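Structural description and commentary
Residues per chain are reported as follows:
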Amino acid sequence: QVQLVESGGGLVQPGGSLSLSCAASGFTSSNYFMRWYRQAPGKERELVASILRFGGVRNYADSVKGRFTISRDNAKNMVYLQMNSLQPEDTAVYYCNAENTVSNVRYWGQGTQVTVSS
């Protein structure tokens, strides 16, 4: 069965860094587009970053461009989000999302909390 498990969230001070990981199982990683979303309290879920099946082309929300980096290691079935220069507005639950490139079915992890505060 398909499972996505996020980890790496926590509490950091403004300007700090965190690295999030998404461990995927139950499918072949190279068959999926991978994305990171986030959702802050009272706000809709927003797309943070995306990466194609074999890496290479990556896209970012304007709000995180230059600060966040998405990467993947298909051999390990892992997707990562390196977050630098974190600000309070980055506080949210971060979700890993996998989209099957054939069926377009999407799968979600349960999320990991990132809190940026002094």
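Residues numbered from 1 in each chain as written. Predicted model: local features only at pLDDT ≥ 70, side-chain atom pairs only at ≥ 80, totals over all residues. Heavy atoms only, no water.

So, about the environment of Val12. With respect to the helices and strands, the residue Val12 is situated in strand β2 (residues 10-12). Spatially, the C-alpha atoms of Val12 and Glu46 are 21 Å apart, while their sequence positions differ by 34 residues. Here Val12 is in contact with Ser17, Leu18, Leu86, Thr115, Val116 and Ser117, once residues within four sequence places are set aside. (Helix = DSSP H or I, 4+ residues; strand = E, 2+ residues; numbered from the N terminus. Contact = heavy atoms within 4.5 Å.)

The next point concerns the pattern of salt bridges. The full count for this structure, using the stated rule, is 6 salt bridges. The salt bridge partner of Glu46 is Arg38, with a shortest N-O separation of 2.7 Å. Of the residues examined, Arg38 reaches a relative accessible area of 4% and is grouped as buried. In this structure, Arg106 and Glu99 form a salt bridge, with 3.5 Å as the shortest nitrogen-oxygen distance. The class of Arg106 is partly exposed, set by a relative accessible area of 36%. Sharing partners across several salt bridges, the network here consists of Arg38, Glu46, Arg67 and Asp90. (Salt bridge = Lys/Arg side-chain N within 4 Å of Asp/Glu carboxyl O. Buried < 20%, exposed > 50% of the residue type's maximum accessible area, 1.4 Å probe, protein only.)

Just distances and angles here, no functional claims.
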